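Architecture and fold: a report
Residues per chain are reported as follows:
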Amino acid sequence: MLAIRDLNVHYGGIHALRGIDIDVPDGKIISLIGANGAGKSTTLKAIMGLVSKSTGHVYWDNTDITGMKTKDIVNSGIILCPEGRKIFPDLTVDENLSVGAYLRKDKVAIAKDREIAYDLFPRLAERTWQLGATLSGGEQQMLAVARALMSKPRLLMLDEPSLGLAPLVIKDIFSVIQKIKEEGVNVLLIEQNAKAALDISDYAYVMESGVISMAGSGKALLSDPRVQKAYLGE
Amino acid sequence: MGFLHTWLPYILAGIAVGGQYALIAIGYTMVYGILRLINFAHGDIFMWSGLIMVYLITTLPLWVSIVLVILFAIILGTTIEKIAYRPLRTAPRMSIMISAIGVSYLLQNFALYITGGLTKTYPAIALLQRAVSIGPATTKMVTIITPFLTILLVFLLVMLIQHTKIGMAMRAVSRDFETSSLMGIDINRVITVTFVIGCGLAAIGSVLFFSNYTGINPMSGAMPGLKAFVAAVFGGIGSVPGAVLGAFVIGIAENIVKGTGWTTFSDAFTFVLLIIILMVKPTGLFGEKDIDKV
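Only a predicted model underlies this, so the values are computations on that prediction, with no experimental measurement involved.

This part is about the overall build of chain B. A count of helical and extended segments in chain B gives 12 helices and four strands. For 294 residues, the compact-globule estimate of 2.2 N^0.38 gives 19 Å, and chain B sits close to it at 19 Å. Taken along the three principal axes of its C-alpha coordinates, chain B extends 60 × 45 × 35 Å. Residue burial in chain B is summarised as follows: out of 294 residues, 46% are buried.

Laid out in structure tokens, this is it:
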């Protein structure tokens, strides 16, 4: 389980995160919703050690991973599937998956996980030798998720996986996210598509200007009038 | 036959010099590919490799000296990266560029201090100096060895980049630092490996290059460094095959110019070539269109 305690982040002169607390218990999908610039991506980057944390702590299975190197955090079983997919355009689909497994040495298990990834996304299996740049947006997002899974994470963090995708593709991606959870991987999901996120979430946090303004089960937030008004457009 | 008689020696010399430029140019192009930095100190690392050879050969056997020269260049290059470039990695690109120029002058001036500004005699390596005849032309062994050795090293390098894990990491990092580190790639290690390769090849190039000349002084790295840089730009900076091709084109072209009797202008010709390339195809032969990172 991941526990964030009183996390504060300063970006230049901006106080981007103002003492947030988030729990990601095992076997659950937790989502973080909120407007652009609320600090959602910063939270994930802070967990990965990509921004200098001013104060606060991130505990992963009761170990304090605050200030650890990104590489060691990945090694400990956390992976971030970044916003905008960020697949490597001049690497093949297969190589993109290999980069995901970069820190692993167990060749046999990697080969097996590669097959699992291709089973999960059959469209990628038809394109193993294609360069990342030649994939469609939806395929790139599938590749980004598959690449993240290649690290064999125990916590998968997804930053805006539905961004810029067609509704049908979004449905696909979200059903895969649920499958991933059923495989026993914890999921921390960031979404602007609040409805889709809350639908599959066990618990969710609403973020506003660097603070957690609301929290509750996915269902509870879906029916909360404030959430409906601000994030669901109802 | 008359044509061959006249031109073969120049073409052979051009291919050899091209190979030597190629070995230097790879260092420029690879460092640029990953750091988007033109490592102005690269030509001076090349010069220092030559200088160290002069000192080592007085007490050590040839092969030991060559190995030590390569090691020296690698240590010098990676140390420069750690001290002068790494702390500036998040700074504006201009700062790291200025730092590179500073290191270049530092290396030149330090060489000036050590040598007292005198031209040192580069050791004559018997194997490389041996005379060989090819058809109507008589030339030195180094002229024959250089292109083959260059092609072999470039082939090995391309294999490394395309088919090994560290090569894959280099390709990933050259595109996207942040995502690469999110996947667990140690960026610093990849950058160090890049400098190891670039400086190692430049050191090998220095043995071949300086074998063609008798003397070496603190400014000896400037012109070949600049030519290799032009070669890298010509081929499309960031691309290894581009740099190698560019280097051979420049080496051959400049020797053909020499053959026509315009020796005085052979250097100028190279830079005119650069200007033309920049006007016609600013990204070079194999250059990427838009390489600015977000």
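Further notes follow.
Each partner contributes residues to the interface: chain A has 20 residues there, and chain B has 14 residues. Those elements that place two or more of their residues in the side of chain A that touches chain B are α2 (70-75) and α3 (93-100) of chain A. Taken together, the residues of the side of chain A that touches chain B break down into 11 nonpolar, five polar and four charged.

This prediction gives chain B a mean pLDDT of 92; 97% of its residues lie at or above 70. Complex prediction metrics read pTM 0.92 and ipTM 0.93.

Now for helix α4 (residues 93-115) of chain B. Residue and element names in this part refer to chain B. For α4, built from 23 residues, the straight-helix expectation of 33 Å at 1.5 Å per residue is met to within 8% by its first-to-last C-alpha distance of 33 Å. Residues of α4 that are buried include every one of Ile96, Ser99, Ala100, Val103, Ser104, Leu107, Gln108 and Ala111, and no others. Looking at the buried positions of α4, the neighbouring elements they touch are α2 (42-56) and α3 (62-85). Taken from the residues just after α4, Gly116 is the one with a positive phi, measuring 70°.

Residues and elements named next belong to chain B. Among the secondary structure elements, Phe269 is positioned in helix α12 (residues 266-280). Its 16 C-beta neighbours within 10 Å are what place Phe269 among the partly exposed residues. Expressed as a C-alpha distance, the spacing of Phe269 and Val257, which sit 12 residues apart in the sequence, is 7.9 Å. When sequence neighbours within four positions are dropped, the list of residues in contact with Phe269 reads Ala253, Glu254 and Val257.

So, on to helix α7 (residues 167-182) of chain A. Residue and element names in this part refer to chain A. The terminal C-alpha atoms of α7 lie 23 Å apart, and with 16 residues this matches the ideal 22 Å at 1.5 Å per residue to within 8%. On its buried side, α7 packs onto β3 (29-34), α6 (137-149), β7 (155-159), β8 (186-191) and α8 (194-200). Directly after α7, the chain includes Gly184, whose backbone phi takes a positive value near 100°.

A separate point is the sheet that holds strand β2 (residues 14-24) of chain A. All names here are of chain A. Taken in spatial order, the four strands make up an open sheet running β2-β1-β4-β5, and their pairing is antiparallel. Across the chains shown, the open sheet's two edge strands, defined by having one partner strand only, are β2 and β5 (63-64). For strand β1 (residues 2-11) and β2, the ladder comprises eight bridges, and the chain directions are antiparallel. Its bridge partner being in β2, Leu2 is matched across the sheet by Val24. Here helix α1 (residues 40-47) sits on the sheet in contact with β1, β2 and β4 (55-60), set at roughly 70° to β2.

Membership of the largest hydrophobic core comes to 153 residues, with the highest contact counts inside it found for Met157(A) and Ala25(B). Top element by residues in this core is helix α1 (residues 2-35) of chain B. It accounts for 16 residues. If sequence neighbours within four positions are ignored, Met157(A) has contacts with Leu44(A), Ile47(A), Ile78(A), Ile79(A), Leu80(A), Cys81(A) and Leu188(A).

Bringing the environment of Ala22(B) into the picture now. All names here are of chain B. Relative to the assigned elements, Ala22 resides in helix α1. What makes Ala22 buried here is the crowd of 31 C-beta atoms within 10 Å. Sequence-wise, Ala22 and Thr150 are 128 residues apart; in three dimensions their C-alpha atoms are separated by 7.4 Å. Apart from the residues lying within four places of it in its own chain, the contact partners of Ala22 are Thr150, Val154, Ala243, Val244, Ala247 and Phe248.

Thresholds applied
Residues numbered from 1 in each chain as written. Chains lettered and ligands numbered in written order. Predicted model: local features only at pLDDT ≥ 70, side-chain atom pairs only at ≥ 80, totals over all residues. Helix = DSSP H or I, 4+ residues; strand = E, 2+ residues; numbered from the N terminus. Rg over C-alpha atoms; globule rule 2.2 N^0.38 Å. Buried ≥ 20, exposed ≤ 12 C-beta atoms within 10 Å, placed from the backbone. Contact = placed C-beta atoms within 7 Å. Nonpolar A, V, L, I, M, F, W, Y, C, P; charged D, E, K, R; others polar. pLDDT = per-residue confidence, 0-100. Expected span 1.5 Å × (residues − 1). Pairing = 2+ DSSP bridges. Axes fitted to C-alpha atoms, helices over the stretch in contact; angles between N-to-C directions. Core = buried A, V, L, I, M, F, W, Y, C linked by C-beta atoms within 7 Å.

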